[in-house]
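Here is how the chains run, residue by residue.
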Amino acid sequence: MGIGNQLKIISNAMLDIVYPNHCVICTVDLQLNERHICLNCLHDLPLIPQNEATQLKLDQLFWGRAQVNQTYSLFNYQKGNQVQDVLRLIKYQQRTRFAQYLGGKLAEQIPKSGGFDMIVPVPLHPKKKKLRGFNQSTLIAKGIQDIIQVPVNERLMKRVAHNPSQTTVSKYERWENVRDIFKVHKPSKLEGKHVLLVDDVLTTGATIEACLKQLLSIENCKVSVAALAVRI
C-alpha cells in the first residue's frame with residue numbers, strides 16, 4: 001500500500017472521529033463524500049431555488065419594514081416539513097457540527113464579493129444560551145465564515161431581555177415580544193460597515209426586524225440577512 005493511500009485512510013479515520021458516520025436524519029451509514037447528512041436526505045429537503053424570481057421573493061420579505069441590502073437562505077420553511085426536523089436536531093439534540101456544516105451550505109448562496117465587513121449572529125439571551133449551551137445562529141455564522149472568509153463578531157449585539165417563546169403567538173404578539181430586546185454594544189464600530197446578520201429561521205421576521213432596527217440606526221451601516229430557513 002502506497003504512502004498516499006495510507007495517508008488517505010488515516011485522514012478518513014480522523015474524519016470519522018470528528019464527524020458522525022451516519023446520517024442525522026435517516027441514520028443510514030454515510031459514504032466518504034458525505035458529511036452529517038446523506039445525499040438522499042439532503043436532496044429531499046426543500047432547497048430554495050437560486051433564480052431571479054426567488055431572489056425577488058426573499059428581498060420582498062422586508063419591503064416596507066426595513067432597508068435590507070440582500071437576503072439569502074437555503075431552505076424553504078413550512079410548518080410540518082422536513083426543515084422543522086432539521087431545526088429541532090440542531091436546537092434540542094445539540095447537533096452543533098451539523099449546524100456549522102449547514103452554515104457552509106448556506107454560504108454557497110452568498111457571494112464572496114458581497115463586500116461584507118463582518119458577520120453578526122442574532123444573539124440569544126445569556127440565560128437561554130447557558131441553558132442550551134450554544135447559540136445556533138453563531139454556529140451557522142461560523143459555517144458561513146469558513147466559506148466566505150468574513151469574521152464573525154457575536155459581541156456587538158446583545159439581547160437584553162428574555163422574551164417568551166415565539167412559537168405559539170400571533171405575528172403582532174411576536175413583534176411586541178421582541179421590539180426592544182436588542183442593543184448594539186459600541187455602535188461606532190459598525191459605522192460605515194456592511195453587516196451580514198445571521199439567524200436560523202425567518203418566519204414572521206419579527207426577531208430579525210428588531211435587530212435591523214438597532215443596526216440601521218447606526219450611521220451608514222448597511223445590512224444583509226442570511227437565514228438557514230425562510231418561509232416564502
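Residues numbered from 1 in each chain as written. Predicted model: local features only at pLDDT ≥ 70, side-chain atom pairs only at ≥ 80, totals over all residues. Heavy atoms only, no water.

**Student:** I tried to follow the side chain of Gln136 on my own but got confused; where do I start?
**Tutor:** As for its position among the elements, Gln136 is in helix 7 (residues 136-148). Among the polar contacts made by the side chain of Gln136, one reaches the side chain of Arg132 at a distance of 2.6 Å. Ignoring any residue separated from it by four or fewer positions in sequence, one finds Gln136 in contact with Ile90, Lys91, Leu124 and Asp200. (Helix = DSSP H or I, 4+ residues; strand = E, 2+ residues; numbered from the N terminus. Polar contact = N/O pair within 3.5 Å; in protein donor to acceptor, adjacent residues only side chain to side chain. Contact = heavy atoms within 4.5 Å.)

**Student:** Would you mind going over the pairing of strand 2 (residues 118-121) with me for this structure?
**Tutor:** Consecutive side chains along a regular strand alternate between the two faces of the sheet. Side chains Met118 and Val120 project from strand 2 onto one buried face, and the interleaved Ile119 and Pro121 project onto a second face that is buried too. In the sheet, strand 2 pairs with strand 5 (residues 194-202) via four bridges, with the strands oriented parallel. Each residue of the ladder has a partner; that of Val120, found in strand 5, is Leu197. (Buried < 20%, exposed > 50% of the residue type's maximum accessible area, 1.4 Å probe, protein only. Pairing = 2+ DSSP bridges.)

**Student:** Please clarify how the pattern of salt bridges should be interpreted in this entry.
**Tutor:** Where charged atoms of side chains with opposite charge meet at close range, the side chains can pair. A complete count under the given rule lists six salt bridges for this structure. For the salt bridge of Lys105 with Glu108, the shortest nitrogen-to-oxygen distance reads 3.9 Å. Residue classification places Lys105 among the partly exposed positions, given a relative accessible area of 23%. (Salt bridge = Lys/Arg side-chain N within 4 Å of Asp/Glu carboxyl O.)

**Student:** Explain the environment of Asn220 to me, please; I cannot follow it from the model alone.
**Tutor:** Topologically, Asn220 is positioned in the loop between helix 9 (206-215) and strand 6 (222-230). When its relative accessible area of 62% is taken as the criterion, Asn220 is described as exposed. Residues Asn220 and Glu191, 29 residues apart in the sequence, show an inter-C-alpha distance of 5.7 Å. With sequence-adjacent residues up to four places away left out, Asn220 is seen in contact with Gly192 and Lys193.

**Student:** Teacher, can you tell me more about helix 4 (residues 82-92) here?
**Tutor:** One turn of the α-helix equals 3.6 residues, which is why residues spaced by three or four share an orientation. Listed as buried for helix 4 are Val83, Gln84, Val86, Leu87, Leu89, Ile90 and Lys91. Looking at the packing, one finds that the buried side of helix 4 touches strand 1 (71-76), helix 5 (96-107), helix 6 (126-132), helix 7, strand 5 and strand 6. Two residues or fewer after helix 4 comes Gln94, characterised by a positive phi angle close to 55°.

**Student:** Would you mind going over the sheet that holds strand 2 with me for this structure?
**Tutor:** As a general point, the strands of a sheet are linked pairwise by backbone hydrogen bonds and lie either parallel or antiparallel. Spatially, the four strands line up as an open sheet ordered 1-6-5-2, and their pairing is parallel. The sheet is open, and its two edges are formed by strand 1 and strand 2, each paired on a single side. Strand after strand, the sheet turns through a mean of 20° between neighbouring axes, direction not considered. Across the sheet, helix 5 lies against strand 1 and strand 6, angled at about 120° from strand 1, the strand it touches most. (Axes fitted to C-alpha atoms, helices over the stretch in contact; angles between N-to-C directions.)

**Student:** Looking at this structure, how should I read the nonpolar core?
**Tutor:** When a protein is soluble and globular, its nonpolar side chains tend to lie buried together. Core analysis: the biggest nonpolar cluster contains 37 residues, and Ile110, Ile144, Ile148 and Leu196 have the highest contact counts within it. Put simply, the parts of the chain that give this core at least two residues each are helix 2 (39-44), strand 1, helix 4, helix 5, helix 7, strand 5 and strand 6. Ignoring anything within four residues of it in the chain, the contact list for Ile148 reads Ala107, Ile110, Lys112, Phe116, Ile119 and Leu196. (Core = buried A, V, L, I, M, F, W, Y, C linked by side-chain atoms within 4.5 Å.)

**Student:** Explanation requested: the confidence of the model for the protein in the structure shown.
**Tutor:** Do not read the fine detail of predicted coordinates wherever pLDDT is low. Averaged over the protein, the pLDDT score is 87; the fraction of residues at 70 or greater is 85%. When mean pLDDT is taken per element in the protein, strand 2 scores highest with 98 and helix 1 (residues 3-18) scores lowest with 50. (pLDDT = per-residue confidence, 0-100.)

**Student:** How do you make sense of the packing of aromatic side chains when you look at a structure like this?
**Tutor:** Describing an aromatic ring pair means giving the distance of the ring centres and the angle of the ring planes. Scanning all chains against the criterion turns up one aromatic pair. Summarising the aromatic geometry, the rings of Tyr72 and Phe116 are spaced 6.5 Å apart at their centres and angled 80° between planes, so their arrangement reads as edge-to-face. Linking Tyr72 in strand 1 with Phe116 in the loop between helix 5 and strand 2, this pair joins segments that are 44 residues apart in sequence. (Phe/Tyr/Trp six-rings, centres within 6.5 Å; stacked < 30°, edge-to-face > 60°.)

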